[in-house]
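Descriptive structure summary
If you want the building blocks of each chain, they are given just below.
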Amino acid sequence: MKIKEKFVNQSLKTKWMMTTGITIFISYAAICVIIFFALQTWLLNNEEKNALRTVDDVTSFLNSQGLTVTIQELQQNTGLMKAILNQDQTVRIYSLTGKELLQINDTSPAFPVEATLSSLDGVSIDKIKVDKTNAFVIHKIVRIGPIQGVMQLIHPLTTYESMMNYVLTTMLIMGIGAILLAASISYYVSSILIRPLQQLRDSMTAVKERGFEEKIDFNYYENDEIGDIIRIYEAMLNELEISFTQQQQFVSDASHELRTPIQAVEGHLSLIKRWGKHNPEVLEESIDTSLIEIARVRKMIEELLKLARRESIDEDETANIEEIINIVQEELQFIYPTVEIEKSVVGQILPLSISEQALTQIIRNLFENSIRYNVNKPIIKVSIHYRIDNIFVEIQDNGIGIDEEHLPYIFDRFYRVDDARVHVNGSTGLGLSITKMLIDKYNAKMEVRSELEKGTIFLLCFPSKK
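Worth saying up front: this structure is predicted, and the values here are computed from it rather than measured. (Residues numbered from 1 in each chain as written. Predicted model: local features only at pLDDT ≥ 70, side-chain atom pairs only at ≥ 80, totals over all residues. Heavy atoms only, no water.)

Grouped together as the largest cluster of nonpolar side chains are 38 residues, with contacts concentrated most on Phe367 and Phe462. Elements supplying a minimum of two residues to this core: helix 8 (321–335), helix 9 (356–372), strand 7 (379–386), strand 8 (390–397), helix 11 (431–441), strand 9 (445–451) and strand 10 (455–463). Tallying contributions element by element places helix 9 first for this core, with 7 residues. Setting aside chain neighbours within four positions, we find Phe462 in contact with Leu352, Ile354, Leu359, Ile362, Asp389, Asn390, Ile391, Val393, Ile439 and Ala444. Core analysis: the second largest hydrophobic core is formed by 20 residues, Val58, Leu62, Ile71 and Val142 among them. (Core = buried A, V, L, I, M, F, W, Y, C linked by side-chain atoms within 4.5 Å. Buried < 20%, exposed > 50% of the residue type's maximum accessible area, 1.4 Å probe, protein only. Helix = DSSP H or I, 4+ residues; strand = E, 2+ residues; numbered from the N terminus. Contact = heavy atoms within 4.5 Å.)

Attention now moves to the pattern of salt bridges. Scanning the entire structure with this criterion turns up 9 salt bridges. Note that Glu100 and Arg92 form a salt bridge whose closest N and O atoms lie 3.7 Å from each other. Using a relative accessible area of 3% as the deciding quantity, one classes Arg92 as buried. With a shortest N-O distance of 2.4 Å, Glu340 and Lys377 are connected by a salt bridge. Residue Glu340 is located in strand 6 (residues 340–346), and its partner Lys377 is located in the loop between helix 9 and strand 7; the two are separated by 37 residues in the primary sequence. (Salt bridge = Lys/Arg side-chain N within 4 Å of Asp/Glu carboxyl O.)

Now for the sheet that holds strand 7. The strand order across the open sheet built from 5 strands is 6-7-8-10-9, with neighbouring strands paired in mixed fashion. This sheet does not close on itself; its edge strands, each paired only once, are strand 6 and strand 9. Taken over all neighbouring pairs, the strand axes of this sheet differ in orientation by 15° on average, direction set aside. Bridge count for strand 6 against strand 7 is 7 bridges, and the pairing is parallel. Bridging from a neighbouring strand, Glu340 pairs with Ile379 of strand 7. (Pairing = 2+ DSSP bridges. Axes fitted to C-alpha atoms, helices over the stretch in contact; angles between N-to-C directions.)

With that settled, consider the pairing of strand 2 (residues 100–104). Examined bridge by bridge, strand 1 (residues 90–95) and strand 2 share 4 bridges and lie antiparallel to one another. When the sheet's bridge partners are listed, Tyr94 is paired in strand 2 with Glu100. Between strand 1 and the antiparallel strand that follows it, strand 2, lie 4 residues; Gly98 among them carries a positive phi value of about 100°.

In this section: the sheet that holds strand 3 (residues 123–130). In any sheet, the strands associate via hydrogen bonds between backbone groups, in a parallel or an antiparallel arrangement. Strand order in the open sheet formed by 5 strands is 2-1-5-4-3, with antiparallel pairing between adjacent strands. Pairing within the sheet leaves two strands with one partner each, and these edge strands are strand 2 and strand 3. In this sheet, neighbouring strand axes are inclined to one another by 25° on average, regardless of whether the strands run parallel or antiparallel. Together, strand 1, strand 3, strand 4 (133–144) and strand 5 (147–156) form the strand contacts of helix 2 (residues 12–64), whose direction differs from that of strand 4 by roughly 25°.

To continue, consider the packing of helix 2 against helix 5 (residues 158–210). Packing of helix 2 against helix 5 leaves a shortest axis separation of 8 Å and a crossing angle of 160°. The pairing of helix 2 with helix 5 is recorded here as roughly antiparallel in orientation. Here helix 2 runs over helix 5; the crossing is right-handed. The residue inventory of the contact of helix 2 with helix 5, partitioned by class, reads 26 nonpolar, 8 polar and 2 charged. (Parallel < 35°, antiparallel > 145°, perpendicular 65-115°, else oblique. Left-handed = near helix turned anticlockwise from the far one by under 90°. Nonpolar A, V, L, I, M, F, W, Y, C, P; charged D, E, K, R; others polar.)

Positioned with a positive phi, Asn105 is a non-glycine residue whose angle comes to about 65°. Along the chain, Asn105 turns up in the loop between strand 2 and strand 3. Here Lys132, not a glycine, exhibits a phi torsion of approximately 65°, which is positive. For Lys132, the location among the structural elements is in the loop between strand 3 and strand 4.

Taking 1.5 Å of rise per residue, 15 residues should cover 21 Å, and helix 8 covers 21 Å from first to last C-alpha, within 8% of that figure. Those residues of helix 8 that are buried are in contact with strand 6, helix 9, strand 7 and strand 8. Where helix 8 begins, one side-chain oxygen reaches toward the backbone nitrogen of Glu322, 3.0 Å away; that side chain belongs to Asn320. (Expected span 1.5 Å × (residues − 1). Polar contact = N/O pair within 3.5 Å; in protein donor to acceptor, adjacent residues only side chain to side chain.)

If you want it as structure tokens, here you go:
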């Protein structure tokens, strides 16, 4: 648990290096073990074959001397027999009673012959220690002339063991070198790959501590997972910056917008407190004015909440444009009795792909705009043109119109063409902004044409519900 805790608390670069090193070490160790034992088996078998080959060669030589050869003749002519043996091999020939008859080379001490004739029927081979050295000891019945004896071959495994020690040492050195090289390469590569993540961490820390002004520019644009994370982070950061800026602007605008009605209500309440308690006219006037201002604040709050909501579209929602216009017309004519709304329809009625609430809000905002910004008797002409894929709605008024320089900004929140006039008419400056938001939300389109003193035309295009 302590090792795990210590590993978890390391940096990502160190974890990467340690993991790579351990993985390579385990893989290399497994491969080395397999190779070592395979090579050991192969070399040992090869040593055994060499020893048996020497026994066969000596046996063939002795048989080739015939039945008349004597031990003395062989002792006087051991040079040829030495040529058959390796330099480190030793051959001794014993009588069946255990007496040494002949010796060729003397690199290893004698090993007692404990085998019987029956056990030596053929060749016996043992791997034992001779003078603290591993060796193959081979016994075989041989005939020298008329004498039958036992040949003993001692084949030391010094060459084999030296080779295995060399292989083991080489593997260890190469393994350590491979681990160090892998760790170095892993550390270098991880430094390159983790650098953008470090920049990402530093950027997050800077934004957290000092705000969006301290953003770090990334120079990593590869099409991999890290590149994707950085691109998503930058996009998210831009969205957050926009939202943060809009929030600050919203707070600033809302506080500015609420200041006037709150001050007005406060002033009238103070007036009532000082003189209005016993003056019915002052009391009535102050209460009416305060109610108007409170209604204006309530309306502003409602519109701000509608603007802030970002709900998903219900694709099954539909609305009837003619019914919505009739409902809005009844509401407005109750408040503004002098307004006239003329309606014309072309084509067969089709449902719009928009919610009734959203469409009502759009129509109401546009109609109220036509009424508020009007010094004449308000006359609103509504033309509806049904087509297969779209429904076009044109709303034309006889109001004061909008100067061309203001048209690009009329959908901005709290934008006012004439601040004083808007305050008189009680507008919050959010109606057209909400209208544009709803138009965009339901994939509709809107255009505005206006001329001063001649009125304004709003052209709306809604998708029909098929």
